[in-house]
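Each chain, written out:
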Amino acid sequence: MTKKIFRSLLLVAFTVFLCSLTLIMGVLYDYFSRIQQTQLRMQTQLAAQGVETGGADYFDGLDAQGFRITWIGRDGGVLYDSDADSVRMANHLEREEVREALMSGFGQSHRLSATLTERMLYAAQRLSDGTVLRLAIAQSSVLTMLLGMGQGVASVIVIALALSVVLARRLSGRIVKPLNELDLDRPLENGGYEEIAPLLRRLDSQQRQLQAQNNQLLLEMAEKTQAEQARREFTANVSHELKTPLHVISGYAELLQNGMVKPEDAAPFAGKIYDGAQQMGKLLEDIMRLSHLDEGARDMQFEDTDLYELARAAAAELAPAAEKAGVTLTVEGRAAPLRAIPVLARSIVFDLCENGVKYNRPGGTVEVKVEPGPDTVRLTVTDDGPGIPLDQQEHIFERFYRGDKSRGKDIPGTGLGLSIVKHAAQVHGAAIDLKSAPGQGAAFTVTFPKNGK
Ligand code: ADP
């Protein structure tokens, strides 16, 4: 590009220079011609006066000094010529300047010489006796003039060319510099030519687009990796959680099989096997509920449901377990209609109540409160059990997370209950809030939008 601009500038500069030179030469040539013509006219008038007074004697010993002087008789014959033998001269009456002089007293003309290297200027004046005196002087033609000035003109051309080269190089460099200095990483921060602003704007928007696509790609990749990781962890957790009850089952079954158990111990052993099987069943059930939710639970429909009814049903279902644990489970509230997926809403209520009973002490209470509002229905499950330490509160909704105490105390569970609650609440667009402190029980509040998500 620099080269192209350089060549164009050089061409323009040099063309302009040559044209100017030609024009100036032309003007000068014309100017000097006119001066020469005026001078010739004056010389002719002077010489005419000389001939008028001196007649033919005027020419005796005349030094024409570069002029050619011709005296033409009335018949056109040459009476005197400073250059050639006047006898051999052709009749001059037909010459333009002579004809003009005869008619008007004075005539002037010019003609190119046969070789074209010279131009002859003529001036003729009529004398009082009807003869004509003519002066001629040679003038260089433009070509001769140019040839004469050859060396000077050539050096001017060389200097102009050199100057054009230097200037064109500098200018082309200066024109291209802002383009070379463009910061393409930050297109909009460039000053310089406003002509390329649209280009830079386009570049900027494309870069942004690319960046956005890149970010999106990175995000997708991160999500994919995360999902992959979660899947791996999930599989590992499932196998781990299944192993414990399976060991229990196979251990007691083996003892029974080998007849190593006294008949009176058989029933408690069978009970252990039953509990292990129950735990495995619960785990499988929770995994299936979760994977159903993971797949989007698309087959589940929002229906007109009543959360109060669901809470009462859950309490009734849990009554035997509560009684066994010595926990009082109460439901408070009134009819609370809402649009919800019944099976998921039931899961939320049931799992929270079950935890309230499970993680409690004999003589403890679990209060379920259902409060219908103008746009929402609020479910609160409060217990006065051991509470949840603050550092565990952010983890309890994670899959397979179980508090240390829950594991230590051998409270049966899968660690999936609250993650199902969280997922099911998300499907409903419901918010979960937890207030708890060690030794002060726990209160879970789920706020459902009344008209479904
Ligand atoms: P699981 O009950 O099967 O262990 P969850 O996901 O329901 O699994 O609960 C995760 C953990 O949260 C429990 O192991 C327990 O430590 C803690 N937790 C849940 N609910 C309560 C509660 N009401 N009081 C005290 N701790 C609770």
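Remember, it's a predicted structure, so these values are computed and weren't measured experimentally. (Residues numbered from 1 in each chain as written. Predicted model: local features only at pLDDT ≥ 70, side-chain atom pairs only at ≥ 80, totals over all residues. Heavy atoms only, no water.)

**Examining the overall build of the chain**
- Counting its secondary structure elements, the chain contains 11 helices and 12 strands.
- In terms of C-alpha radius of gyration, the chain reaches 60 Å, well past the compact-globule figure of 22 Å for 453 residues.
- Burial statistics for the chain: of 453 residues in total, 36% are counted as buried.
- Carbon and sulfur atoms make up 57% of the accessible area of the chain, which amounts to about 27,800 Å² in all.
- Across the chain, the 49 positively charged side chains and the 56 negatively charged ones have centroids separated by 2 Å. (Helix = DSSP H or I, 4+ residues; strand = E, 2+ residues; numbered from the N terminus. Rg over C-alpha atoms; globule rule 2.2 N^0.38 Å. Buried < 20%, exposed > 50% of the residue type's maximum accessible area, 1.4 Å probe, protein only. Areas by Shrake-Rupley, 256 points an atom, 1.4 Å probe, with all protein chains shown as cover. Lys, Arg positive; Asp, Glu negative; His and termini not counted. Charge placed at Lys NZ, Arg CZ, Asp CG, Glu CD.)

**What about the sheet that holds strand S1 (residues 68-72)?**
- If you walk across this open sheet you meet the 5 strands as S2-S1-S5-S4-S3, and the pairing is antiparallel. Looking at strand neighbours, the two that pair on one side only are strand S2 (78-81) and strand S3 (106-112), the edges of this open sheet. Taking the axes of each pair of neighbouring strands and ignoring which way they run, one obtains an average angle of 20 degrees across the sheet.
- For S1 and strand S5 (residues 132-140), the ladder comprises 5 bridges, and the chain directions are antiparallel. Bridging from a neighbouring strand, Thr 70 pairs with Arg 134 of S5. (Pairing = 2+ DSSP bridges. Axes fitted to C-alpha atoms, helices over the stretch in contact; angles between N-to-C directions.)

**Description of the pairing of strand S10 (residues 376-383)**
- The sheet contact formed by strand S9 (residues 365-372) and S10 spans 7 bridges and is antiparallel. Residue pairing for S10: Lys 369 is matched across the bridge by Thr 380.
- As consecutive antiparallel partners, S9 and S10 are separated by 3 residues.
- Sheet analysis places S10 next to strand S12 (residues 442-449), joined by 8 bridges and oriented antiparallel. Residue pairing for S12: Thr 376 is matched across the bridge by Pro 449.

**Let's talk about the sheet that holds strand S11 (residues 431-436)**
- With mixed pairing, 5 strands are arranged side by side in an open sheet as S7-S9-S10-S12-S11. Of all the strands in the sheet, just strand S7 (328-333) and S11 have a single pairing partner and so form its edges. Neighbour-to-neighbour, the strand axes of this sheet turn through a mean angle of 10 degrees, independent of strand direction.
- Packed onto the sheet, helix H7 (residues 307-325) meets S7, S9, S10 and S12 and runs at close to 170 degrees relative to S7. (Contact = heavy atoms within 4.5 Å.)

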